[in-house]
Amino acid sequence: MRYLLYPVFLLCFCIGFSQDGDVPKKYTLDMSQFYGSILLHNTDISHLITNHPGGIILGFNRKRFGHEDWEAALGYPDTGFSFVYQDMNNPTLGEHFGLYAHYNFYFLKRNLQLRIGQGVAYNTNPYDKNENFRNNAYGSHLLSSTIVMFNYHKENIVAGLGFKTGISLIHYSNANFKAPNTSTNTMAFNFGLTYDLDQDAAIEYIVPEEKEKIKEPIRYNLVLRGGANESDVIDMGRYGFAIVSAYADKRLGNRSAIQLGTDVFFSNFLKELIRYQSTSFPELDVAPDTDYKRVGVFLGHELFVNKLSVVAQLGYYVYYPFDFEGRMYNRVGLKRYFGDKMFGAVTLKSHGAKAEAIEFGIGVRL
């Protein structure tokens, strides 16, 4: 499960803690308590929704003042880390301990804060066919996790102290690295305090100079992605996969580009699933020699930050010999550029809310 650590390590590296020099720095802490409910996104987990989960969220934040172009362009967001402890208040589901890298975005004169974090969580009681067979939500101790917080946020009201209150969404899943993986989503109300570690430091926001709009010709990208996953059938086994992607992109300005391309999927777990269904479920009428490969076309968007970019793609299988989760698929994730052409990527490929795999890729943009 060490592969699930890579997304948060990449994000921590990319959000700028390596930046140094004489740039002034300002840091804050926050602590929130939350209490909420598990959302019924899948009827298969209805037996697990028995009580209201609760916990705490701790945050460490670095304020940004526009010393780099991307900071002003995104409204001077904070970068930082979050720690989340969550008690599911259900012995079958256990407890979670999560570490995240996050951004805090601000709106309405910086009174509303949106925190988006991605990280890794440890679950204390995952599925076990002998000891915990009712837990079909988590198939492993280590889980990929996403946190979204939307808060009214007021800092440094008195002696560095402030407060925040709002709603939070916490998602846990291992992206089908190990079955079962029905996952959970917790919607919660939270209330907490903030503390400004540098309350007496006054740093002005830098208003950037007007920059010429970036104009580029159509660029062509080639990406090789890989990883490992398994089907929803427990103990069927984990198999490697490979994806070859080719697409063109066109810059719309300094921060955005649209994409159009194709994916070719070599998903080896489907080989075993096809064999299993053809022999064990003849009523499904699956031929044992059905091709496991798929081909999709997609439309996407890329948001450029600095060397980091955020990608979102929506695809449709045009070659689809075996029916698995429907023809539509989506992909979201991060890219990190190394120089002008090479990049690495960590993305989540799914069918709606149903995750298929975490993909690790390397590519070139020509």
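Cut-offs used in this document
Residues numbered from 1 in each chain as written. Predicted model: local features only at pLDDT ≥ 70, side-chain atom pairs only at ≥ 80, totals over all residues. Heavy atoms only, no water. Helix = DSSP H or I, 4+ residues; strand = E, 2+ residues; numbered from the N terminus. Rg over C-alpha atoms; globule rule 2.2 N^0.38 Å. Buried < 20%, exposed > 50% of the residue type's maximum accessible area, 1.4 Å probe, protein only. 1 Å grid on protein atoms, 1.4 Å probe; cavity = no way out; pocket = protein on both sides within 12 Å on 5 of 7 lines; lining within 4 Å. Points joined across faces, edges and corners; volume = space filled by probe spheres on them. Nonpolar A, V, L, I, M, F, W, Y, C, P; charged D, E, K, R; others polar. Pairing = 2+ DSSP bridges. Axes fitted to C-alpha atoms, helices over the stretch in contact; angles between N-to-C directions. Core = buried A, V, L, I, M, F, W, Y, C linked by side-chain atoms within 4.5 Å. Contact = heavy atoms within 4.5 Å. Patch = residues over 30% accessible without salt bridge, like charges linked within 9 Å, V, L, I, M, F, W, Y side chains within 5 Å. Areas by Shrake-Rupley, 256 points an atom, 1.4 Å probe, with all protein chains shown as cover. Salt bridge = Lys/Arg side-chain N within 4 Å of Asp/Glu carboxyl O. Phe/Tyr/Trp six-rings, centres within 6.5 Å; stacked < 30°, edge-to-face > 60°. Lys NZ or Arg CZ within 6 Å of the ring centre and 35° of its normal. Domains from an automatic or database assignment. Buried area = accessible area lost by both parts, 1.4 Å probe. Polar contact = N/O pair within 3.5 Å; in protein donor to acceptor, adjacent residues only side chain to side chain.

> Teacher, can you tell me more about the overall build of the protein here?
Per the secondary structure count, the protein includes three helices and 16 strands. Its C-alpha atoms give the protein a radius of gyration of 22 Å, near enough to 21 Å, the size a compact globule of 366 residues would have. When the backbone C-alpha atoms are referred to their principal axes, the protein occupies close to 70 × 55 × 30 Å. Here the protein, with 366 residues, has 48% of them falling under the buried criterion.

> Which parts of the structure should I look at to understand empty space enclosed by the protein?
Think of a ball as big as a water molecule: rolled over the atoms, this probe shows where empty space is left. Summed over all chains, the structure comprises one cavity of 30 Å³ or more. If you go around the largest cavity, the residues you meet are V223, R225, Y247, V311, Q313, K335, F343, A345 and T347. Those elements that place two or more of their residues in the lining of the largest cavity are β9 (219-229), β13 (308-319) and β15 (342-351). The element contributing the most residues to the lining of the largest cavity is β15, with three residues. Classifying every residue of the lining of the largest cavity by side-chain character gives five nonpolar, two polar and two charged.

> Quick question: what am I supposed to make of the sheet that holds strand β3 (residues 78-87) here?
With antiparallel pairing, eight strands are arranged side by side around a closed barrel as β1-β2-β3-β4-β5-β6-β7-β8. Averaged over all pairs of adjacent strands, the angle between strand axes in this sheet comes to 25°, irrespective of strand direction. Of the strand pairs in this sheet, strand β7 (residues 161-173) and strand β8 (residues 184-196) are connected by 12 bridges, and their pairing is antiparallel. Note that in β8 the partner of T165 across the bridge is F191.

> Can you walk me through the nonpolar core in this structure?
One recurring pattern in soluble globular proteins: nonpolar side chains tend to sit buried together. Formed by 18 residues in total, the largest nonpolar core has its most connected members in V84, L93, Y138, I147, I170 and Y172. When residues of this core are traced back to their parent elements, those giving at least two are β1 (27-38), β6 (142-158) and β7. At three residues, the largest contribution of residues to this core is made by β6. Residues within four places of Y138 in sequence aside, it is in contact with M88, L93, H96, N123, P126, Y127, L143, Y172, P180 and T184. If you look at the next biggest cluster of nonpolar residues, it comprises 14 residues, including F241, A257, Y320 and A357.

> So what exactly am I meant to see when it comes to a nonpolar patch on the surface here?
A cluster of nonpolar side chains, L29, F60, I157, V158, L161, Y195 and L197, forms an exposed patch at the surface whose accessible area comes to about 590 Å². Within the fold, I157 resides in strand β6.

> Looking at this structure, I do not really get the packing of aromatic side chains. What am I missing?
Describing an aromatic ring pair means giving the distance of the ring centres and the angle of the ring planes. Evaluation of the coordinates by the stated rule reveals 18 aromatic pairs. Ring geometry for Y27 versus F60: centroids 5.3 Å apart, planes at 15°, classification stacked. Residue Y27 is located in strand β1, and its partner F60 is located in strand β2 (residues 54-62); the two are separated by 33 residues in the primary sequence. Considering the side-chain rings of W70 and Y103, the 6.3 Å spacing of their centres and the 85° angle between planes classify their relative orientation as edge-to-face. Linking W70 in helix α2 (residues 69-73) with Y103 in strand β4 (residues 95-107), this pair joins segments that are 33 residues apart in sequence. Accessibility classification places W70 together with Y103 in one group, the buried group. Aromatic ring contacts, followed pair by pair, group F265, Y317, Y320 and Y329 into a single cluster. Note that R294 overlies the ring of F265, its terminal NZ or CZ placed 5.3 Å from the centroid.

> For this particular structure, what's the right way to read the pattern of salt bridges?
Close approach of charged atoms lets side chains of opposite charge pair. Per the counting criterion, the structure on display carries 18 salt bridges. With a shortest N-O distance of 3.3 Å, R64 and E71 are connected by a salt bridge. For R64, a relative accessible area of 1% puts it in the buried group. One salt bridge in this structure joins E216 and R365, with 3.0 Å as the shortest N-O distance. Note that E216 is positioned in the loop between β8 and β9 and R365 in strand β16 (residues 354-365), a separation of 149 residues in sequence. In this pair, the class of E216 matches that of R365, namely buried. One salt-bridge network, held together by shared partners, links E216, R219, D249 and R365.

> Just checking my understanding: could you explain the domain arrangement of the protein for this structure?
Frequently, the measure chosen for interface size is the accessible area that the parts lose on association. Entries for the protein in the domain assignment read domain 1 (25-196) and domain 2 (218-365). Centre-to-centre, using C-alpha coordinates, domain 1 lies 26 Å away from domain 2. At the junction of the two partners, domain 1 supplies 17 residues and domain 2 supplies 19 residues. Together, the buried faces of domain 1 and domain 2 total about 1400 Å²; carbon and sulfur atoms form 57% of this surface. On the domain 1 side of the interface with domain 2, the three residues burying the most area are A175, N176 and F177, jointly 40% of the side's total. Applying the counting rule to domain 1 against domain 2 returns one salt bridge. A salt bridge links D235 to K129; its shortest N-O distance comes to 3.9 Å. Along the contact surface separating domain 1 from domain 2 lie four residue pairs in polar contact (both at pLDDT 80 or more). Residues belonging to the side of domain 1 that touches domain 2 are distributed by class as follows: nine nonpolar, four polar and four charged.

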